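So you can see what is in the structure, the chains are spelled out below.
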Amino acid sequence: MLRSRFDRSRNFSDITEAISAQRRALELTPPGHFLLPGRLSDLGNSLNARFQSTGDLSDITEAIATQEKAVKLTPDSDSSLPWRLSNLGIALILRFERTGDLSDSSRAISALELARDMIPVGHPSLPSLLSNLGRTLEIHFDRTWDPSDLAKCISARQKVVELTPEDDEEMPSLLLDLGATFRRRFEQVGNPTDSDEAITLQLKAVELTPEGHAGLPHRLDAVGNALSARFDMTRERSYIDAAISKQQKAVKLTPRNDPSLPGRLINLGTSFMRRFELTKSPSDIDSAIAAQTKAVELSPKDPLLSTMLGNLAVSLMCRFEQTGSASDLAAAEAAHQRSVDLIPDGHGTQFALLRNIANASYIRFNKSGDSRDLEKCISQYESAATCRVGTPYLKLKVAARWARLLRRHCPHSPQILPAFDMALGFVALIAGLEQTVKGRYTRLQSDSGIALEAAAAACSLDRPDKALEFLEQGRCLVWSQLNNLRTPLDELRIVDSSLADRVADISKQLENTGSSRATPHISMSLSERIALEDESQSHLKLAQQWDDLLQTARAIPGFENFLKPSPSSALLRHLPHAGPIVVINVDEGRCDAIALLAGRTEPLQIPLPNFSLDKAKKHRTDLKILLRSGGLRAREGGASRVPEDVVQRVLCSLWNDVVKPILDALAFSVHVPPRIWWCPTGAMSFLPLHAAGIYAESKSESILDYAVSSYTPTVTAISNRVKNHRAIDESVSGLFITNQPNAPGASSIPGTTQEVQSIHSMARENGTRVLKLEGGDVTAGDCLMHMENYSSVHLACHASQDAADPLQSRFLLHNGSLDLATILQSNLKNADLAFLSACQTSTGEEKLSDEAVHLAAGMLAAGYRRVVATMWSIGDQPAQEVASSFYKYLWSHSDGNRDDGFDGTRSAYALHHAVQQLQHRLDNSESSLLTWVPYVHFGY
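Thresholds, definitions, all that
- Per-chain numbering applies: the sequence of each chain, read as written, is numbered from 1 onward.
- Where local features are concerned, this predicted model is filtered to residues with pLDDT of at least 70; where side-chain atom pairs are given and counted, the filter is 80 or more; whole-chain, interface and lining totals use all residues.
- In computing side-chain values, all of the structure's heavy atoms are included and hydrogens and water are not.
- We call two strands paired when DSSP finds no fewer than two bridges between them.
- Under the scheme used here, helices are H or I runs from DSSP no shorter than 4 residues and strands are E runs no shorter than 2 residues, and both carry numbers assigned from the N terminus.
- Contact definition: two residues touch when any of their heavy atoms are within 4.5 Å.
- The axes used here are C-alpha line fits, helices contributing only the stretch in contact, and every angle between their N-to-C directions lies in the interval 0 to 180 degrees.
- Here the angle decides the label: under 35 degrees means roughly parallel, over 145 means roughly antiparallel, 65 to 115 means roughly perpendicular, and every other value means oblique.
- Crossing handedness: left-handed means the near helix sits turned counterclockwise from the far one by under a right angle, and right-handed means the same turn made clockwise.
- Here the term charged refers only to Asp, Glu, Lys and Arg, the term nonpolar to Ala, Val, Leu, Ile, Met, Phe, Trp, Tyr, Cys and Pro, and the term polar to all other amino acids, Gly among them.
- The aromatic pairing rule takes the rings of Phe, Tyr and Trp, using the six-membered ring of Trp, and pairs them if the centres are within 6.5 Å, calling planes under 30 degrees apart stacked, those over 60 edge-to-face and the rest tilted.
- Residue burial is assigned from relative accessible area. The probe radius is 1.4 Å, only protein chains are included, and a residue is buried under 20% of its type maximum, exposed over 50%, and partly exposed in between.
- Placement of a charge over a ring requires the Lys NZ or Arg CZ to be within 6 Å of the ring centre, with the centre-to-atom vector within 35 degrees of the ring normal.

(A) Fine view of the sheet that holds strand E12 (residues 810-813). Taking strand neighbours across the sheet as the criterion, the three strands line up as E11-E12-E13 in an open arrangement whose pairing is antiparallel. Looking at strand neighbours, the two that pair on one side only are strand E11 (799-800) and strand E13 (816-819), the edges of this open sheet. As defined by bridge partners, E11 adjoins E12 across two bridges and the pair is classed as antiparallel. Note on E12: the bridge partner recorded for Ala799 is Phe811. Across the face of the sheet, helix H33 (residues 780-789) comes into contact with E12 and E13 while running at roughly 35° to E13.

(B) Here's a closer look at the packing of helix H15 (residues 305-323) against helix H16 (residues 326-342). Where H15 meets H16, the closest approach of the two axes is 8 Å, and the angle between their N-to-C directions is 160°. Comparing their axes, H16 and H15 come out roughly antiparallel. Crossing of H15 against H16: the hand is left-handed. Facing Leu305, Ser306, Leu309, Gly310, Ala313, Leu316, Met317, Arg319, Phe320 and Thr323 of H15, the residues of H16 in contact are Asp328, Leu329, Ala331, Ala332, Ala335, His336, Arg338, Ser339 and Leu342. Across the contact of H15 with H16, the residue classes tally to eleven nonpolar, five polar and three charged.

(C) Structural detail: the packing of aromatic side chains. In total, this model carries eleven aromatic pairs according to the counting rule given. Here Tyr887 and Trp891 contribute two aromatic rings whose centre-to-centre distance is 5.6 Å and whose plane-to-plane angle is 35°, an arrangement assigned as tilted. One end of the pair is Tyr887 and the other is Trp891, both in helix H36 (residues 876-892) and four residues apart, which spans about a single turn. For the pair formed by Tyr887 and Trp891, the shared burial category is buried. Members of the aromatic cluster, joined through ring pairs, are Phe835, Phe886, Tyr887, Trp891 and Phe902. The aromatic ring of Tyr790 is capped on one face by Arg769, whose charged end is 4.0 Å from the ring centroid. The ring of Tyr909 has Arg906 sitting right over it, with the charged end atom 4.6 Å from the ring centre.

(D) Structural detail: the pairing of strand E7 (residues 708-711). Every second residue of E7 is oriented toward a common face, with Val708 and Ser710 on one face and Ser709 and Tyr711 on the other, all of them buried. Alignment of strand E4 (residues 675-680) against E7, held across four bridges, turns out to be parallel. If you follow Arg675 over to E7, its bridge partner there is Val708.

Shown next, in the form of structure tokens:
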């Protein structure tokens, strides 16, 4: 009763007397008495209450010990056990908030999760416990940045909302908390669906709050924050205008003496600053500074004062940059210094402060030209990138800024390469987070180009080995992660077979869950979204187990780099003897080729001074416009109404400026053509290097005269094939053929029928094990089964590519479709050749140019050693001719494998031959070039 009165009156003598009475009660309770656990728990709760008033650590430490004893003395069958576990969890999280000891928050989560699992479904107190669990997970996330904490928090809060009647007075607060968690995940990962969910939930919370309610300002502010965060990602003006409107109303409704007012002013100032970045309107920056200044004035002892001062300093520096006002500069520097003095090392605001000081120093450098300002700027960016706090996405931004400033202003600095190395580490981490949380790659669109910048910087420093490592580390992350999950474990199995089995098991589970998850959308019911979050949590647990297994493996001598990007020296040890791999990097400052040849211990750097990023982009744009205007959107269409000289000019430029200088440096001559593997980056990925040449009546010279071209998404893809080469199982060696001339929703491609019949006849004449199924005779499931039972496949059908979610790219069948996610889950360990006689199966996505998000790369990732594909649409008749010539060549140049088997080893030569056959039948007109140029070979 004393404690109840204390809860109302906050009279300190009440809680002290309560604790004294409870101690006396415990003294009078004999050991083993059935009431002892309850009395211990009651004392712990009172100690919690006094700690929250006084902050005395001895109280909360005693409370935890008391609650632990209460839990220990409570039988498992006692219905009170969940509540005592809950009390223990609450005490632990209270101490964590004071001391920051992660073991306390981890133990709190364990206690609350155990309590949750003990409470029967439908118990009226379950929502309260779930709320405590959600809050504890959110607090833990603030220190760990572990995405699984947010996923669990969302799941707990979703279930609280589901269990609470909509007319409950607590519903607006519950919706607000759930929305805030979705917003935090959006800020960490960038999934727009999370932002939509946050905004929708918090708008509903405001809608359920009557005018005049004390909680309305807080809820308006929360909606404003969600809208402002969405603007920061999308730069859509409507979001920031709506955010400012909500936050202005929140500030207006907040009493001047309310302790929440400074925080709301800061949020309003941040939104004005964000709009200023878009509009450059003086009124926006003035409003930002006015709001932030008022917040500082109202908060002389606020724990967030350092953050407020940092934000104010940023705004003042922005206005200084615009107006040159000396008073703004002086005020900004004073605010920054006060902010620095207020925070300890490792504080949650340290990252933002260091970044803001770096930004301010660079603004000052641009005004003053003083090298000391530049040095301070670079130093602060380095400190921000390496500090212990900050989201991976924000740390990527500062690491990239650090690297770029060094490259621009200190081009010979030894810190350039380490800075880019750090930035690329964050790129890989973000890609992992995006794939883990949602299987999509939103932020790769803006970040993957860093690898190209890093490689160009390394080439400027005559470090082609480092350039190669940067490109392998920072490109094709979509497929690299999948390949990591599919990497053979033979070497690890020799050392620790149990560990290898566990790695294989978890990798398979990750691969299957990652490729099968649905994408969340706002129209889903709450129960559907809860189920999706539960699935996401399961995936996150697997991801954590995967990380733990990698750490265990890397602790074994000789396995320090297990499943890490291969160093240059390792790649050079496993190169094909048939010809070089040539990586081409194009950046704003320079263009280089890096050639890798078997037997050489160092990469060969070949500068390409006559080519540039602008040229690559122009060629890409010209081809894109040409292909659209020429009607080359589907297989049944051929080249028609083609403008003059576009293809000729592109191929000539590629020959003169890129390919011929590379061949000269490699001393290629016109004899028996060797293989050459092209590994283009960025805008180069869209250009037909395999067809580069001069095609004129008077003079004709091209790459086809010198080499047999193939492409590879990465050097690692070829290096791994060389390193792990093994024969195809003879029992599955053979060819599965299917055509789908009339898939629903796609145009008719009748020529595929004759194409597969011709191939089938040739296969039977050559004694090859072959299966042909046409149209509706095969389902997606049948198709997959036959792909497992036949080493090679010929798919004559339409295809659809999904750049945003590559695993949803698919082949269109009469009976449904076959997507990459499904193919990747199958057992294709004996996959050899995939001939994709479909439209645009190697066409990339401009926004993800370094991710090779096309079906050809996807089939390589699924296990096929080599893939024949097309860069753009192909005509029905030429498609039949190329396929026929291709297979005739393969069967006439058999390497003598099993009589009824099928071997795709010479597929690159076969395609080279078939394309030349078609080329020789045609002239050198634009239409003719568009007919044969699209055919490409990928892989080994």
